[in-house]
Amino acid sequence: MKKIAAMLLCICLIATFSVTAFAQNTAGGDSYITTVVPGFHKITVISDGAEVFIDGTAGKEFTVERLSEPTAVFKAEKNRRIVQVVLDDNDITDNIEGDSYTFEPVYKDMILTVTTEGYTEESTTSEPESESPESTPAESSQNSQGSIPMQTGETTNIAFWIVLIVLSAVIFTLSRQSSKKEKTNK
């Protein structure tokens, strides 16, 4: 029983540790696989009748610091109203408070699409004229970072310590039971 418990502990320890990956170079030397995490990301705005301000600056393309939480403010042009705001492939229209939206920590390049419709102030019951942007977020949301954020390893560390504590308790219990059996057999 002790051997099984020790083997389980070793397997769990091996499974929870991070390992550096190596790749064989065609010239016969070792190559290291690494990644570069950018310090800044780009937010691109596609808008057909509204101006977008991010942290107080108007524009169509913004560079923001990684993991920052910038605030976007939307201003529709005269005789237009904002009907939909899409961040990458997610409709965030309902998350806009007043005329602003605060991003969650930015970890990749993003596309913000603002769709407006025209209306006349005299008659708001008539059918509004609707315009759509040249490209949809699905067509233009490809970026070099992918859609999965980098993990910090904190979850792995917590899982490691939980597994280590549980296995230590199991080994201790099995060890005590084995000692009691040996004493009763003598």
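Everything numeric in this text was worked out from a predicted model, so none of it was measured.

1. Remarks on the overall build of the protein chain
Moving on, step 1. Check the secondary structure of the protein chain and you find 3 helices and 12 strands.
Moving on, step 2. Taken across its 186 residues, the protein chain has 25% of its residues classed as buried.
Moving on, step 3. Carbon and sulfur atoms make up 54% of the accessible area of the protein chain, which amounts to about 13,200 Å² in all.

2. Notes on the sheet that holds strand β10 (residues 100-102)
Moving on, step 1. Pairing is antiparallel in the open sheet, where 4 strands are placed in the order β5-β4-β7-β10. Two strands bound the open sheet, and with one partner strand each, they are β5 (57-58) and β10.
Moving on, step 2. As paired elements, strand β4 (residues 50-54) and β5 share 2 bridges and run antiparallel to each other. Bridging across to β5, Ile-54 finds its partner in Thr-57.

3. As for unusual backbone geometry
Moving on, step 1. The phi torsion at Leu-67 lies on the positive side, around 65 degrees, for a residue other than glycine.
Moving on, step 2. Looking at where Leu-67 falls in the secondary structure, it is placed in the loop between β6 (61-65) and β7 (71-76).
Moving on, step 3. Overall, the relative accessible area of 51% leaves Leu-67 in the exposed class.
Moving on, step 4. The backbone of Asp-88 shows a phi angle near 55 degrees, a positive value even though the residue is not glycine.

4. With respect to the nonpolar core
Moving on, step 1. Core analysis: the biggest nonpolar cluster contains 19 residues, and Val-52, Ile-54, Phe-74, Phe-103 and Leu-112 have the highest contact counts within it.
Moving on, step 2. Secondary structure elements with two or more residues in this core: β3 (40-47), β4, β6, β7, β8 (80-87) and β11 (110-118).
Moving on, step 3. Non-local contacts of Phe-103, meaning those with residues more than four positions away in its chain, are made with Ile-43, Ile-54, Glu-69, Pro-70, Ala-72, Leu-87, Met-110 and Leu-112.

5. Thoughts on the pairing of β7
Moving on, step 1. Relative to β7, β4 runs antiparallel, the two sharing 5 bridges. Residue pairing for β7: Ala-50 is matched across the bridge by Ala-76.
Moving on, step 2. Summarising the sheet, β7 and β10 pair through 3 bridges and their orientation is antiparallel. For Ala-72, the partnering residue across the bridge sits in β10 and is Tyr-101.

6. Focus on the pattern of salt bridges
Pairing of side chains with opposite charge becomes possible as their charged atoms draw close.
Moving on, step 1. Counting across every chain of the model gives 3 salt bridges.
Moving on, step 2. A salt bridge links Asp-88 to Lys-108, with the shortest nitrogen-to-oxygen separation between them at 3.3 Å. Remark: Lys-108 occurs in the loop between β10 and β11 and Asp-88 occurs in the loop between β8 and β9 (90-91); sequence separation between them is 20 residues.

7. Notes on the confidence of the model for the protein chain
Moving on, step 1. When pLDDT is averaged along the protein chain, the result is 76, and 66% of the positions lie at 70 or above.
Moving on, step 2. The low-confidence segment residues 123-152 (pLDDT under 50) makes 45 contacts with residues lying over four places distant or belonging to another chain.

8. What to know about the side chain of Arg-66
Moving on, step 1. Looking at the element boundaries, Arg-66 is found in the loop between β6 and β7.
Moving on, step 2. Although buried, Arg-66 forms no salt bridge, and the nearest oppositely charged side chain, Asp-109, lies 8.3 Å from it.
Moving on, step 3. A distance of 2.9 Å separates polar atoms of two side chains, one belonging to Arg-66 and the other to His-41.

9. Overview of the packing of aromatic side chains
The description of an aromatic ring pair uses the distance of the two centres, along with the angle that the planes make with each other.
Moving on, step 1. For the structure shown, the criterion picks out 1 aromatic pair.
Moving on, step 2. Judged by centre distance (5.3 Å) and plane angle (70 degrees), the ring pair of Tyr-101 and Phe-103 falls under edge-to-face. The two residues Tyr-101 and Phe-103 agree in class, both being buried.

10. A few points about the environment of Lys-78
Moving on, step 1. Inspection of the secondary structure puts Lys-78 in the loop between β7 and β8.
Moving on, step 2. Measuring from C-alpha to C-alpha, the distance between Lys-78 and Gly-118 comes to 8.7 Å, with 40 residues separating the pair along the chain.

Conventions adopted
- Residues numbered from 1 in each chain as written.
- Predicted model: local features only at pLDDT ≥ 70, side-chain atom pairs only at ≥ 80, totals over all residues.
- Heavy atoms only, no water.
- Helix = DSSP H or I, 4+ residues; strand = E, 2+ residues; numbered from the N terminus.
- Buried < 20%, exposed > 50% of the residue type's maximum accessible area, 1.4 Å probe, protein only.
- Areas by Shrake-Rupley, 256 points an atom, 1.4 Å probe, with all protein chains shown as cover.
- Pairing = 2+ DSSP bridges.
- Core = buried A, V, L, I, M, F, W, Y, C linked by side-chain atoms within 4.5 Å.
- Contact = heavy atoms within 4.5 Å.
- Salt bridge = Lys/Arg side-chain N within 4 Å of Asp/Glu carboxyl O.
- pLDDT = per-residue confidence, 0-100.
- Lys, Arg positive; Asp, Glu negative; His and termini not counted.
- Polar contact = N/O pair within 3.5 Å; in protein donor to acceptor, adjacent residues only side chain to side chain.
- Phe/Tyr/Trp six-rings, centres within 6.5 Å; stacked < 30°, edge-to-face > 60°.

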